[in-house]
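Residues per chain are reported as follows:
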Amino acid sequence: MTKIIAVANQKGGVGKTTTAVNLSSCVAAKGKRVLLVDLDPQGNTTSGYGIIKRGLEHSTYSVILDGDDVKQSIVKTDYKVDVLPSSTKLAGAAVELVALENRHAKLRNALNKVSEAYDYIFIDCPPALDLLTINAFSAADTVLVPIQCEFFALEGLSELMNTIRLVKQHYNKYIDIEGVLLTMFDSRLNLTLQVVAEVKKYFPNKVYKTTIPRNVRLSEAPSFGQPINYYDRTSKGAKSYMELAEEFLNRNK
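This section reports on the structure supplied with the text. Counting restarts for each chain, with residues numbered from 1 along the sequence as it is written. pLDDT decides what is reported in this predicted model: residues at 70 or higher carry local features, side-chain atom pairs at 80 or more are listed and counted, and totals for whole chains, interfaces and linings draw on all residues regardless. Excluded from the side-chain calculations are hydrogens and water; all other atoms, namely the structure's heavy atoms, are used.

What follows deals with a nonpolar patch on the surface. Taken together, the side chains of F151, F152, L189 and L191 make up a nonpolar region of the molecular surface, amounting to roughly 420 Å² of accessible area. Here F152 lies in the loop between β6 (142-148) and α8 (157-170). Note on exposure labels: buried denotes an accessible area under 20% of the residue type's maximum, exposed denotes more than 50%, and partly exposed covers the range between, all computed with a 1.4 Å probe on protein chains only. Residue class for F152 comes out partly exposed when judged on its relative accessible area of 43%. Two joining distances apply to patches: 9 Å for like charges and 5 Å for nonpolar side chains (Val, Leu, Ile, Met, Phe, Trp, Tyr), and every residue must have over 30% relative accessible area and no salt bridge. To be clear on the numbers: accessible area is Shrake-Rupley with a 1.4 Å probe, and residue cover counts the displayed protein chains and nothing else. Salt bridge, as applied in this entry: a Lys or Arg side-chain nitrogen positioned within 4 Å of an Asp or Glu carboxyl oxygen. Numbering of helices and strands runs from the N terminus; a helix is a DSSP stretch of H or I covering at least four residues, while a strand is a stretch of E covering at least two.

Here it is in structure tokens:
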């Protein structure tokens, strides 16, 4: 049975796209069938898999707004992960969706047509709580929340949880928190340890044991269009995301 996971945090710069790109690749490397949906207008997930965005005929925009065939819109990559790529047109999609009937369910309806082909579908959400994110949450079974180990880590999380509660009430009663991932982790800093304690208090039993360190190779990989386990499998970043993939799969046995 397919599980759909939205990777979301409306705060930018927390490692959301890095996690979507690399966790999906590491889960696929473990032999699972994986689809990655880029729902962020910036399209960094699409670039992170080496897909050239300019001139793309099909994208998440055309699937959601134009009713394009989702099967024809999926791109096969060299990294065992299929990608439904983003388009710059997505920037206006939240406004265009307002006028549509069943606007919250456009992505869910599209993914229903391909879900049987995959074990896991990851959705990289935009850094905003708009109608695109509502679409992701309406389609998803769970939400994975990356949180940066910094002073403002918990800022905005109450809004995120409130959005999930509203979606649960009105659109998707089964949605739950998949887990909380601590990123840019540095155990030498007192602030990091304070943030970890606060996050565990806010999300009891949901915080992954695996943490993602600050790592230069993780920052470099997207510019080469490769997930970290292909760009440099011996790096700290690659080892951390492989450990996260193992923990993720163990939780989902």
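Quick look at the pairing of strand β4 (residues 81-84) now. Because side chains alternate across β4, one face comprises the buried residues V81 and V83, and the other comprises D82 and L84, equally buried. Two strands form a pair only when DSSP identifies at least two bridges running between them. Sheet analysis places strand β2 (residues 34-38) next to β4, joined by four bridges and oriented parallel. The partner of L36 across the bridge, within β4, is V83. Bridge analysis of strand β3 (residues 75-76) against β4 gives two bridges, and the strand direction is antiparallel. Looking at the pairing, V75 lines up with V83 of β4.

So, about helix α1 (residues 16-29). Here the expected length of a helix is defined as 1.5 Å per residue gap, with one fewer gap than residues. Helix length check: α1 (14 residues) gives 20 Å between terminal C-alpha atoms against 20 Å at 1.5 Å per residue, within 8%. Among the 14 residues that make up α1, twelve are buried, leaving the element largely enclosed by the rest of the structure. Taken as a whole, α1 has its buried residues at K16, T17, T19, A20, V21, N22, L23, S24, S25, C26, V27 and A28.

Counting residues in hydrophobic clusters, the biggest one holds 51 residues, and the most contacted among them are L111, I123 and F137. Here this core gets six residues from one element, more than from any other, and that element is helix α7 (residues 131-139). Residues in contact with F137, not counting those within four places in the same chain, are A6, A8, C125, V143, L160, T163, I164, V167, N172 and I175. Remark: nonpolar core denotes a set of buried residues (Ala, Val, Leu, Ile, Met, Phe, Trp, Tyr, Cys) joined through side-chain atoms within 4.5 Å. Ranked by size, the runner-up nonpolar core spans 31 residues in total, among them I5, V7, Y208 and I212. Two residues form a contact once any of their heavy atoms are found within 4.5 Å.

Quick look at the side chain of Q148 now. With respect to the helices and strands, Q148 occurs in strand β6. Excluding residues within four positions of it along the chain, Q148 makes contact with G13, V14, A153, T183, M184, V195 and R214.

Axes here refer to lines fitted to C-alpha atoms; in helices the fit is confined to the stretch in contact. Angles between the N-to-C directions go from 0 to 180 degrees. With their axes 10 Å apart at the nearest point, α7 and α8 run at an angle of 55 degrees to one another. One element, α7, and the other, α8, form an angle in the oblique class. For the pair α7 and α8, the sense of crossing is right-handed. Contact with α7, carried on its side by I134, F137 and S138, involves L160, T163, I164 and V167 of α8 and no other residues of that element. Reported orientations rely on four angle classes, namely roughly parallel under 35 degrees, roughly antiparallel over 145, roughly perpendicular from 65 to 115, and oblique for the rest. In this scheme the handedness of a crossing depends on how the near helix is turned from the far one: anticlockwise by less than a right angle means left-handed, clockwise means right-handed.

Quick look at the side chain of D40 now. Locating D40 in the fold gives a position in the loop between β2 and α2 (44-48). Given the relative accessible area of 4%, D40 is considered buried. For D40, the contacting residues outside a window of four places in its chain are K16, T17, S86, L90, D124, C125, P126 and P127.

Looking now at the sheet that holds strand β1 (residues 3-7). Strand order across the open sheet formed by eight strands is β3-β4-β2-β5-β1-β6-β7-β8, with mixed pairing between neighbours. Edge strands, defined here as strands with exactly one partner in the open sheet, are β3 and β8 (207-213). Pairing geometry for strand β7 (residues 176-185) and β8, over three bridges, is parallel. What sits directly across from L182, in β8, is T211. Where helix α12 (residues 236-251) meets the sheet, its contacts fall on β1, β5 (120-124), β7 and β8, and the angle it forms with β8 comes to roughly 165 degrees.

This part is about the pattern of salt bridges. If the charged atoms of two oppositely charged side chains come close together, the side chains can form a pair. Tallied over the entire structure, the rule returns twelve salt bridges. The closest approach of N and O atoms between E246 and K30, which form a salt bridge, is 2.9 Å. In this pair, E246 is assigned in helix α12 and K30 in the loop between α1 and β2, connecting sequence segments 216 residues apart. Using a relative accessible area of 35% as the deciding quantity, one classes K30 as partly exposed. In this structure, D119 and R33 form a salt bridge, with 3.1 Å as the shortest nitrogen-oxygen distance.

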